[in-house]
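For reference, the chains in residue letters:
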Amino acid sequence: MSGGGSSLFSGFRVLGLYSNHVPHTLRYHQKHREFYLVTAVGKCLHTYNVNRLGIVAVSNSLSDDITCVAADRMLVFAAAGRVVNAFARNKEVVVRYHGHRQEVRLLLPLGDQLISADSGGDVIVWDVQGGDIYLRLQFDPNTFDVSAIMHPSTYLNKVLLGSSQGALQLWNIKTSKLLFTFPGWSAGVTVLQQSPAVDVVGVGTATGRIIIHNIRLDETLMNFTQDWGPISSLAFRTDGPPIVASGSPQGHIAFWDLDRRQLIAQQRHAHSTAVAAATFLHGEPLLVTNGADNAIKVWIFDQEGGGARLLRSRQGHSAPPTTVRHHGNDGKNVLSAGQDGTLQSFSTIHERFNKNLGHGSINKKKEQKKKKGLSYEELRLPAITAFSSAAARQSDWDGIVACHRSRLATTTWNYQKCTMGVHHLQPPCPCREAVATACDITSCGNFAVIGSSCGRVDIYNLQSGLHRGCYGDSEKAHSGVVRGVATDTLNQLTLTAGSDWLLKFWRFKTRKQEEQLKLNAAPASMILHRDSGMLALALDDFTLLVVDIETRRVVRKFAGHHGNINDMTFSPDGRWLVTVAMDCTIRTWDLPSGCLVDCFLVAMAPVGVSMSPTGDFLATAHVDSLGVYLWTNKSLCGPVALRPLPADYQPAVETLPGVTADKSEKEVTSEVDDAYESADQLGVELVTLSLLPESRWKCLLHLDDIKKKNKPVAPPVAAAAAPFFLPTVAGLTPRFTSPTATEQETQSKVLSWGSLSQRSEFSSALESALESGSFDRPVRLLKDCGPAALSVELTCLTSEGGGASSLLLAFIHMIDSMLASGRDFDLAHAYLGLFLKLHLRSLSQDSVAMAALLRLSTRLEAGWAELQASFDQSLCLLSYTKSALL
């Protein structure tokens, strides 16, 4: 059986994605008088205001990853593959430029033209508005591979092209002529940047040289050399000091003084990867940088000696996160540990509440010795493999404990101070080559329980960091690797699971074993829902076990995953267990019924999952993705029909949040539409009212009074339109001609009988319903009519109005069928009242119609008698309830 996506979760947004290796671009909004920063994130563009680095807009998704970005005053241009797209309002694509045969890698807006260069040697000049090709230049990549492009200031229609072979060419794009060729400096050109001085440009090379060159005189003014490899970006200050900044692949930034021709400052480790772009704000001492480490940073130059300091930043993980957990009881913060070794907190409310707890260091005292020769990498701890947090005592001492890859000592972290704690928790007699594998903090926040690969389970005091004991008679709780540890709410029990296929129950205070449970396979991980006492274990055979820690028995067993189960989480009420595995599925198991109730696929295998303590969001982390993805819980927004999924259920792929998919590509199946639809009538013996507003039927008997009240005092008179040239009578004395009667005035206002003899759609439907016996269609037509139109329809039923006596009888039968079915009870009485008011005199002369009215009267009296009995019984019960002394 094939599925139709998730019926329980819906993609909401992605946290922690800010930038990639694509250089950013800056825009200045004249009306807002503010700078905006545009970065590429996968297939989308993110726009931030530089003043606060708050996200302003997220563009629609493109079909391919964005390779370069540029912007002018009105549009933002992004190249994806061979297509260049123009975005308006930072949101939707308004123009697409097709014509490149290879991947586009350079863009340059120039007035009404856009210049793009691809990896195949084609340089195309486009008309921005129409999307037409104005000029195409073709270069041989073996002799002149275009690697940089720039427009020199005040050079009308001129473009300077740099090549990876080292030569530069100046072209006139209007006449398609090569004006001059610069031989270069025997090194490939990586960056071309206009300086504040006219005719002077900055050239960055692959060998690390920075050349300040006058292109009008073809004269090199000065050059610098940085020792960090090729120049990845260049930027000139425009607020006064003659400073040029250069970026490097190592993430360092150097600042050079053009007057003194020397290096004045350097910013090491500005980014952990190559500096993709560095741009000075015009007229301000601010430098904006971005890199592939998923970071945007704004630096301000207010230090002595020309140095810069970090003013504000937005930074996520530079390597994919592996573990996510909600911190606190409000569900507003998500803790995430990544392969980059950092521990970060992302807010689901606003990005300004994000926290970066930084990298772990081997010793905080040694960290102070970095300036004395120790390398930056030697002090950093490896990536975090597991962590646990508690908010109970986080204001008093450290509230986070983390295990690191290939290390026995666990570290503590302080959430409020946003830094690593002071303790390294390590057993007094460490096992050789042992590694910490699992950790948990008690609900009171005072103790941490740590499990290791040698089978030890130790307990520590978080306030002092002292070792308080270990579980097991021989200082080993298990004969194999400890895969999971947990403590209950009241610190009565400690539960441990090991690779020896055993789940053990220990008394927390005495550290004595009470019981053990033999498992069907080795456990991979486990998680405890403290409020309900349910313990979930993921086994190596891809199955799940749920153990009740009170009865200490297996109460549920689930099978269905086809890959290693990476992580699990419980819903706040303990009803659902959400699991993620390497088979790229996210499954939700209902514990009371023991069934799989929701399952869907994602494009990248999920490695971490966490349900908010309030139950509103599900957070997931995925392989090869730097963000933390949020999914909305649909059951909080409305009724969700959950049903047990069969064993052969084939889940559908859900698009990850933050990536907008084309609606036409989504398959819509009727099998998954489980929304409950109320029946037209719950029972034949019941009376059902219509859903129409009261104004459609309550005022039908008072239409004459309403028309009389709303009648205008005088009819509106349209002003006669004066002709452009006033006509005059021929003669000696000029006189204007008298106005003639218009065609509308001379036309007779008496309508012909043929125009009145045509029956309305309702009259035709009523006549056909009399023959078939089904009056559903005429009733639907009357429901669509307003009060005035309804009055006209009933008036036209007589022969004087173009109808016939048979239509009057048919209308009586229609009311009779409505009362017999019990539906539209209010409409039937309102229609009947207006009908009798209009046609009672003519009906009294028709014996057949009177007989039908007598039968209808009998049905009305019987129906009202039943209703009156029900009303009297209910009123009597209410009166007794109000007055009786209970």
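Residues numbered from 1 in each chain as written. Predicted model: local features only at pLDDT ≥ 70, side-chain atom pairs only at ≥ 80, totals over all residues. Heavy atoms only, no water.

## Things to note about the nonpolar core
Ranked by internal contacts, the top residues of the largest apolar core, which has 38 residues, are Leu766, Leu797, Phe811, Ile812, Met814, Ile815 and Tyr831. Of all the elements in the fold, those that place two or more residues in this core are α5 (761–772), α6 (776–784), α7 (787–795), α8 (805–821), α9 (825–843) and α10 (847–883). Leave out the neighbours within four places in its chain, and Tyr831 touches Leu700, Leu782, Lys783, Leu790, Leu794, Phe811 and Ile815. (Core = buried A, V, L, I, M, F, W, Y, C linked by side-chain atoms within 4.5 Å. Buried < 20%, exposed > 50% of the residue type's maximum accessible area, 1.4 Å probe, protein only. Helix = DSSP H or I, 4+ residues; strand = E, 2+ residues; numbered from the N terminus. Contact = heavy atoms within 4.5 Å.)

## Observations concerning the packing of α5 against α8
Running from N to C, α5 and α8 point in directions that differ by 70 degrees, and their axes come no closer than 9 Å. Taken together, the axes of α5 and α8 are roughly perpendicular relative to one another. Across from Phe762, Ser763, Leu766, Glu767 and Leu770 in α5, the residues of α8 making contact are Ser806, Leu807, Ala810, Phe811, His813 and Met814. When grouped by side-chain class, the residues that make up the contact of α5 with α8 number seven nonpolar, three polar and one charged. (Axes fitted to C-alpha atoms, helices over the stretch in contact; angles between N-to-C directions. Parallel < 35°, antiparallel > 145°, perpendicular 65-115°, else oblique. Nonpolar A, V, L, I, M, F, W, Y, C, P; charged D, E, K, R; others polar.)

## As for the packing of α8 against α10
At a minimum axis distance of 10 Å, the contact between α8 and α10 shows a crossing angle of 15 degrees. Between α8 and α10, the angle falls in the class roughly parallel. By crossing handedness, the relation of α8 to α10 is classed as left-handed. Contacts between α8 and α10 involve Leu809, Ile812, His813, Ile815, Asp816, Leu819 and Ala820 from the first element and Val848, Ala849, Ala852, Leu853, Arg855, Leu856, Arg859 and Leu860 from the second. Across the contact of α8 with α10, the residue classes break down as eleven nonpolar, one polar and three charged. (Left-handed = near helix turned anticlockwise from the far one by under 90°.)

## Observations regarding the sheet that holds strand β35 (residues 400–404)
Two modes of strand pairing occur in sheets, parallel and antiparallel, and in both the strands are linked by backbone hydrogen bonds. Strand order in the open sheet made by the four strands is β34-β35-β36-β37, with antiparallel pairing throughout. Looking along the sheet, the strands with just one partner apiece sit at the ends: β34 (384–389) and β37 (419–425). Strand-to-strand twist of the sheet, defined as the mean angle between neighbouring strand axes without regard to direction, takes the value 30 degrees. Bridge analysis of β35 against strand β36 (residues 410–414) gives three bridges, and the strand direction is antiparallel. In the strand pairing of β36, Val401 is matched with Thr412. (Pairing = 2+ DSSP bridges.)

## Things to note about the pattern of salt bridges
Scanning the model with the defined rule gives 23 salt bridges in all. Note that Asp440 is salt-bridged to Arg530, the shortest N-O span being 3.3 Å. Here Asp440, found in strand β38 (residues 436–441), pairs with Arg530, found in the loop between β46 (523–529) and β47 (534–539); they are 90 residues apart in sequence, far enough to count as distant. A relative accessible area of 28% places Arg530 in the partly exposed class. Several salt bridges share partner residues, and in doing so they unite Arg507, Glu514, Glu515 and Arg552 into one network. (Salt bridge = Lys/Arg side-chain N within 4 Å of Asp/Glu carboxyl O.)

## Some details on the sheet that holds β38
Pairing within the open sheet is antiparallel, and its four strands lie in the order β38-β39-β40-β41. In this open sheet, the two edge strands, each paired with only one partner strand, are β38 and β41 (467–470). On average, each strand axis in the sheet is tilted by 20 degrees relative to the strand beside it, whichever way the strands run. Examined bridge by bridge, strand β40 (residues 457–461) and β41 share three bridges and lie antiparallel to one another. Pairing of Asp458 across the sheet is with Cys470, part of β41.

## Focus: the packing of aromatic side chains
In this description, an aromatic ring pair is defined by two values, namely the gap between the centres and the angle between the planes. A complete count under the given rule lists 17 aromatic pairs for this structure. Between Phe12 and Phe617, the aromatic rings sit 5.1 Å apart at their centres with planes inclined by 25 degrees, giving stacked as the arrangement. With Phe12 in strand β1 (residues 9–15) and Phe617 in strand β55 (residues 617–622), this pair connects stretches of sequence that are 605 residues apart. Given a relative accessible area of 44%, Phe12 falls into the partly exposed group. According to the relative accessible area criterion, Phe617 is buried, its value standing at 14%. Plain terms: the ring middles of Phe139 and Phe144 are 5.2 Å apart, the flat faces sit at 35 degrees to each other, and that makes the pair tilted. The residue whose ring lies beneath Arg237 is Phe301, and the NZ or CZ to ring-centre distance is 4.9 Å. (Phe/Tyr/Trp six-rings, centres within 6.5 Å; stacked < 30°, edge-to-face > 60°. Lys NZ or Arg CZ within 6 Å of the ring centre and 35° of its normal.)

## With respect to α5
Between its first and last C-alpha, α5 extends 16 Å over twelve residues, near the 16 Å set by a 1.5 Å rise per residue. Listing the buried residues of α5 in full gives Phe762, Ser763, Ala765, Leu766 and Ala769. Taken around the axis of α5, the buried residues stretch over an arc of 165 degrees, which confines them to a single face. Along α5, the residues that are exposed and aim more than 90 degrees away from the buried face are Glu761, Glu771 and Ser772. (Expected span 1.5 Å × (residues − 1). Arc of directions from axis to C-beta.)

## Concerning the environment of Val485
Its location among the elements puts Val485 in strand β42 (residues 482–487). Note on Val485: relative accessible area 7%, which makes it buried. On a C-alpha basis, the gap between Val485 and Val38 in space is 45 Å, while along the polypeptide they are 447 residues apart. Once you skip the residues sitting within four places of it in the chain, Val485 turns out to touch Ala438, Cys439, Asp440, Val449, Gly451, Val457, Leu495, Thr496 and Met526.

## A short note on the environment of Leu539
The residue Leu539 is located in strand β47 in this model. For the pair formed by Leu539 and Leu766, sequence separation is 227 residues and the distance between their alpha carbons is 70 Å. Discounting residues that sit within four places of it in the chain, Leu539 has contacts with Leu519, Ala521, Ala522, Pro523, Ala524 and Leu545.

## So, a nonpolar patch on the surface
A surface patch of nonpolar side chains, amounting to about 430 Å² of accessible area, comprises Trp864, Phe871, Leu875 and Leu878. Structurally, the position occupied by Trp864 is in helix α10. Of the residues examined, Trp864 reaches a relative accessible area of 39% and is grouped as partly exposed. (Patch = residues over 30% accessible without salt bridge, like charges linked within 9 Å, V, L, I, M, F, W, Y side chains within 5 Å. Areas by Shrake-Rupley, 256 points an atom, 1.4 Å probe, with all protein chains shown as cover.)

## Observations regarding the pairing of strand β54 (residues 606–611)
For β54, the buried fraction is high: six of the six residues fall into the buried class. As paired elements, β54 and β55 share five bridges and run antiparallel to each other. Opposite Val609, over in β55, you have Thr620 as the bridge partner. Hairpin connection of β54 to β55: five residues between the antiparallel strands, including Gly615 at a positive phi of 80 degrees.

## Some points on the side chain of His317
Structurally, His317 is set in the loop between β29 (309–315) and β30 (321–327). Engagement of the side chain of His317 in a polar contact is seen with the side chain of Asp340, the distance being 3.4 Å. Separated by 3.2 Å, the side chains of His317 and Thr342 make a polar contact. Beyond its immediate stretch of four places on either side in the chain, His317 contacts Gly16, Asp293, Asn294, Ser336, Ala337, Gly338, Asp340, Thr342, Gln344, Phe346 and Leu626. (Polar contact = N/O pair within 3.5 Å; in protein donor to acceptor, adjacent residues only side chain to side chain.)

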